[in-house]
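Fold and contact review
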Amino acid sequence: MRKYNIAVVGATGAVGEEIFRVLEERDLPINKIVPLASARSVGREVEFQGETIKVKELTHSVFEEEDVEIAFFSAGGSVSAEFAPSAAKAGAVVIDNTSHFRMQHNVPLVVPEVNPNDIALWEKTGIIANPNCSTIQMVQVLAPLHNAFGIERVDVSTYQAVSGAGKKGMEELVMQMQKFFDFSLDSCEPKAFQHRIALNLIPQIDVFLDNDYTKEEMKMVNETNKIMHSDFAVSATCVRVPVLRSHSEAITIKFKQQVSKEQAQEVLKNAESVILVDNPKEHKYPMPTLATDTDETYVGRIRVDNYDKSILHLWCVADQIRVGAATNAVRIAQKWIAMQN
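Everything numeric in this text was worked out from a predicted model, so none of it was measured.

Moving on: a nonpolar patch on the surface. Together, Phe180, Phe181 and Leu199 make up an exposed nonpolar region whose accessible area comes to about 320 Å². Structurally, phenylalanine 181 can be placed in helix α5 (residues 167-181). According to the relative accessible area criterion, phenylalanine 181 is exposed, its value standing at 59%.

Below you can see the structure in the form of C-alpha cells.
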C-alpha cells in the first residue's frame, strides 16, 4: 500500500499529542511524520513509533517543502484560517479540528460512522472539518436511532470535562484542587474559565449569543443537522464540570413513533463505535472513568418517558480528546486513504 507524508499542526497541544498516539495505534501507512507548531515550540521533540522527531515551524511553504499529503490541524481557528488553505493548495487533504470551517457550505463536516460518503466532497476545498467534540459522540448515538425510528426532536444537556479547554483547563482544575486541600481555594483567580471550576459547575461554554444560547450550544444544534442531513429540532445546554477528561451527555429524544427500551438497546448494541452499558440494577452505566483513553462512545440509562412512549432518555459518555477530536480525525484519514486506493 502507498505510504503518506503526514503533518500534525499543533503538535505540542493536547489534541496534537493524542493524534500521534492514535496514529501509532491505528497503524496508518505513514512514510514521514512532520510535527508543526508556532516558532516558540520549534526544537521541541515528539515521540513517534520509537523515534524522536523535532518540531518544525508552521509556515505557508512547509507543506510543499515537506511534500505533505495529509495535514491534521488542531492549533486553533485562527491558525487554521491562515494556514489550512496553504496546505490544501500544496496538495494535502486538510483534516481540521477547529470550528473555523465546520459550517462552510462547501466543506464536508464528517463523523465517519454517520456520513462517510461526505468525505468525497473534500476536493471542493481540500478541507474536511472535524465536528465539535460534544456533537460527535451525540450523533454516533442519534444516527442509528434516527435511521431505525425517525427523530422529531432532541434535547441535550452536556457535562463537559475541563480538558475540552485544553491543557490550560486541566492544569487549572488540578491547581485549584491542590489549593482546596491547602485551605487556600478562595485565593484562586480563574483564567481558563469564567469562574472557579474546582467543586463547581459552570453553565457556560464559549460566549453567549443574541438568542441567549452559547456558541458551544449552537454548534451542537447546527452541526448535528449538517452531519446527519436532517432537519429535526435540537436544543442544547452545555455545562463545564470539574472532571479532567471525557464528556457526558443526558439526551432526550422524541421519535416519530413509540420506541421501547429494548428496541433502542438492540439498535445501539449493533451501532458502530458505540458500546452499550445499561444495567442500572447492577450499577453499570457509562462514566468518564470508563470512557477515558478509549475510542468508543458508551451509552446507557436508556428509559422510556413516563408520559410519552415516543420519548426516550439516555446517557452517553466519550473521551472527547480521542472520540471527540483525535480518533475521529484519524478515522477520517483512514476512510480518505481507502478512497485513494
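By the element assignment, arginine 240 lies in strand β10 (residues 233-240). There is no salt bridge for the buried arginine 240, and the closest opposite charge comes from glutamate 216, which lies 6.2 Å off by N-O distance. A distance of 2.8 Å separates the side chain of arginine 240 from the backbone oxygen of alanine 161, its partner in a polar contact. With near-sequence residues (within four places) excluded, arginine 240 lies in contact with Gln160, Ala161, Val162, Gly164, Ala165, Phe193, Ile197, Asn200, Leu201, Ile202, Ile205 and His247.

What follows concerns the layout of surface pockets. In this structure, the largest pocket occupies an estimated 1,300 Å³ of space. Taken together, 48 residues form the lining of the largest pocket, with Gly76, Gly164, Ala165, Gly166 and Lys168 sitting closest to its centre. Of all the secondary-structure elements, those providing two or more residues to the lining of the largest pocket are α1 (14-26), α3 (77-89), α5, α6 (215-228) and α9 (322-340).

This brings us to the pattern of salt bridges. Applying the stated criterion across every chain yields a total of 22 salt bridges. The salt bridge partner of lysine 167 is glutamate 17, with a shortest N-O separation of 2.9 Å. Of this pair, lysine 167 sits in helix α5 while glutamate 17 sits in helix α1, and the two are 150 residues apart along the sequence. Taking relative accessible area as the criterion, lysine 167 reaches 31% and is therefore assigned partly exposed. Residue classification places glutamate 17 among the partly exposed residues on the basis of a relative accessible area of 35%. Salt bridges sharing partners connect three or more residues here, namely Glu18, Arg21, Glu25, Arg26, Arg245, Asp293, Asp295, Asp319 and Arg322.

Either a parallel or an antiparallel arrangement is found when strands of a sheet pair, and the pairing is made through backbone hydrogen bonds. Pairing in this open sheet of six strands is parallel, and the strands run β5-β2-β1-β6-β7-β8 from one edge to the other. Only two strands of the sheet have a single partner each, and these edge strands are β5 (56-57) and β8 (127-129). Pairing of strand β1 (residues 4-9) with strand β2 (residues 30-37) involves six bridges; the strand directions are parallel. Across the sheet, tyrosine 4 pairs through a bridge with isoleucine 30, a residue of β2. Lying over the sheet, α1 contacts β1, β2 and β6 (70-73), oriented at roughly 155° with respect to β1.

Definitions and cut-offs
- Residues numbered from 1 in each chain as written.
- Predicted model: local features only at pLDDT ≥ 70, side-chain atom pairs only at ≥ 80, totals over all residues.
- Heavy atoms only, no water.
- Patch = residues over 30% accessible without salt bridge, like charges linked within 9 Å, V, L, I, M, F, W, Y side chains within 5 Å.
- Areas by Shrake-Rupley, 256 points an atom, 1.4 Å probe, with all protein chains shown as cover.
- Salt bridge = Lys/Arg side-chain N within 4 Å of Asp/Glu carboxyl O.
- Helix = DSSP H or I, 4+ residues; strand = E, 2+ residues; numbered from the N terminus.
- Buried < 20%, exposed > 50% of the residue type's maximum accessible area, 1.4 Å probe, protein only.
- Lys, Arg positive; Asp, Glu negative; His and termini not counted.
- Polar contact = N/O pair within 3.5 Å; in protein donor to acceptor, adjacent residues only side chain to side chain.
- Contact = heavy atoms within 4.5 Å.
- 1 Å grid on protein atoms, 1.4 Å probe; cavity = no way out; pocket = protein on both sides within 12 Å on 5 of 7 lines; lining within 4 Å.
- Points joined across faces, edges and corners; volume = space filled by probe spheres on them.
- Pairing = 2+ DSSP bridges.
- Axes fitted to C-alpha atoms, helices over the stretch in contact; angles between N-to-C directions.

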